[in-house]
Amino acid sequence: MPRWLPRAMVLALALIAAFQLGSWAFHQLTGLLINVLIAFFLALAIEPAVSWMAGRGMRRGFATFLVFLAVLIAAAGFVTLLGSMLAGQIVKMVEEFPDYLDSVINWVNGHFHTELRRVDIQEGLLRSDWLRNYVQNSATGVLDVSAQVLGGLFQLLTVLLFSFYFAADGPRLRRGLCSVLPPARQAEVLRAWEIAVDKTGGYLYSRGLMALVSGVAHYILLEILEVPYAPALAVWVGLVSQFIPTIGTYLAGALPMLIAFTVNPWYALWVLVFVVIYQQFENYVLQPKLTSKTVDIHPAVAFGSVIAGTALLGAVGALIAIPAVATLQAFLGAYVKRYDVTDDPRVHGRRGRRSVSGTSTRLRKLWTRRPEPGLEGPERTEGPERTEGGEGTDGTRDGGSS
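What counts as what
Residues numbered from 1 in each chain as written. Predicted model: local features only at pLDDT ≥ 70, side-chain atom pairs only at ≥ 80, totals over all residues. Heavy atoms only, no water. Helix = DSSP H or I, 4+ residues; strand = E, 2+ residues; numbered from the N terminus. Buried < 20%, exposed > 50% of the residue type's maximum accessible area, 1.4 Å probe, protein only. Contact = heavy atoms within 4.5 Å. Areas by Shrake-Rupley, 256 points an atom, 1.4 Å probe, with all protein chains shown as cover. UniProt positions renumbered as here; feature names shortened; annotations may be inferred. Polar contact = N/O pair within 3.5 Å; in protein donor to acceptor, adjacent residues only side chain to side chain. pLDDT = per-residue confidence, 0-100.

A. Local environment of the overall build of the protein. If you tally the helices and strands in the protein, you get 14 helices and zero strands. Across the protein, helices and strands are ordered from the amino to the carboxyl terminus as α-α-α-α-α-α-α-α-α-α-α-α-α-α. Evaluated residue by residue, the protein yields a buried proportion of 24% over its 402 residues. By sequence separation, contacts in the protein at least 24 residues apart represent 62% of the contacts at least 6 residues apart. Surface exposure of the protein reaches about 28900 Å², of which carbon and sulfur atoms provide 67%.

Quick look at the structure:
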């Protein structure tokens with residue numbers, strides 16, 4: 001046995017064990033890493049506001065605290081309004097459920113000549129095995145829901161804590177990162193950090209402004225239609241349609257349509273038409289003007305990045321995909337050399353005149369070369385005559401001397 005073989009086997013086994021251990025640790029820490037990633041992008045989003053307040057003499061930690069307090073107050077107000085709206089609608093539906101049931105029973109009895117009664121239906125539901133199984137499953141599901149709520153609150157607290165430290169200690173974090181890099185690399189890291197702050201903050205602020213415009217527009221419509229809880233519904237439409245990519249518009253419009261349907265079915269149709277029209281206005285007029293200087297990426301690239309982010313990290317990846325791709329695009333754009341584009345019609349999507357009318361040009365040339373009537377042979381051209389061998393009357397050949 002060669003003397004190096006035992007050492008090679010031990011080294012191979014050690015590498016395999018290290019890989020397995022690293023893979024196990026990565027899978028165990030996936031949740032924490034995702035929370036840290038969310039906190040990092042949240043810190044980048046509030047970095048401009050914190051830096052603006054810190055530049056006017058305020059301590060950076062206190063400025064970060066004020067920004068977080070404002071965000072939490074706004075989120076708590078939104079949840080309170082939305083919760084009161086949903087609670088009121090649920091109470092209203094429960095109170096009016098007997099009337100709805102009576103109208104359905106009367107319609108069925110009138111059209112199908114049956115003799116159904118509400119008392120019989122209620123007793124059948126109370127004595128059914130389906131209701132008993134549903135109650136039992138709900139009782140066991142309450143514990144699961146409670147555990148999920150507690151886990152979600154813990155994750156939210158983790159994200160807020162990390163994002164607070166990232167935003168409050170941003171300069172210290174940058175100094176610590178740059179201290180282990182050479183000066184040339186330090187400049188690149190600081191440039192990438194600045195681009196990420198600009199793109200993430202610009203994405204958040206432009207989305208917030210579009211959410212405000214969308215909420216005001218939908219609030220005016222809902223007030224005209226006299227739909228209840230118009231302010232809460234307007235806030236719901238504005239936030240959900242802007243901060244949930246791809247399907248946010250449809251999720252946001254479903255709730256106002258449902259509430260409007262309880263008032264008048266035609267109102268739900270009006271809400272649907274308005275949502276579709278406003279979405280086109282936002283896509284082709286409002287969004288290009290607001291995001292042209294902040295997150296200027298192609299719609300196809302944005303859609304593909306959202307799909308890729310969703311496949312990798314789920315809903316979290318969908319939220320951070322667009323600012324991450326915008327940051328990468330802006331950073332790479334500083335190192336990609338570009339050239340002037342040639343003035344060719346094909347660059348602008350138009351084919352050349354020669355390629356378009358090539359067949360007609362050839363036919364026109366053949367028509368002009370056709371011999372005139374009355375001539376026995378083809379017309380002679382000026383110049384020396386050519387013989388079979390390519391030799392002219394002056395004794396010369398094509399392309400050479402005599």
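B. Molecular detail of the UniProt feature "transmembrane region" (unreviewed entry) in the protein. The feature "transmembrane region" (unreviewed entry), as annotated in UniProt, sits at residues 35-54, 66-91, 145-167, 204-221, 233-251, 258-281 and 301-328 in this numbering. What you have in residues 204-221 is 100% helix and 0% strand, and the ends, taken at the C-alpha atoms, are 26 Å apart.

C. Highlighting the side chain of H218. Inspection of the secondary structure assignment puts H218 in helix α7 (residues 183-224). What makes H218 buried here is its relative accessible area of 6%. Separated by 2.7 Å, the side chain of H218 and the backbone oxygen of S214 make a polar contact. Beyond its immediate stretch of four places on either side in the chain, H218 contacts V237, F274, V275 and Y278.

D. Spatial organisation of the confidence of the model for the protein. On average, residues of the protein carry a pLDDT of 75, and 74% of them reach 70 or more. Across the protein, element-level confidence peaks in helix α1 (residues 4-28) with a mean pLDDT of 91 and bottoms out in helix α13 (residues 353-356) with 49. Here residues 375-402 is modelled with pLDDT under 50, and outside its nearest four sequence neighbours on either side it reaches 17 contacts, counting other chains as well.

E. Molecular detail of the environment of A45. Mapped onto the fold, A45 is located in helix α2 (residues 30-54). For A45, a relative accessible area of 5% puts it in the buried group. Once the C-alpha coordinates of A45 and L204 are considered, the two residues, 159 residues apart in sequence, prove to be 6.5 Å apart. Excluding its chain neighbours within four sequence positions, the residues that come into contact with A45 are T200, G201, L204 and Y205.

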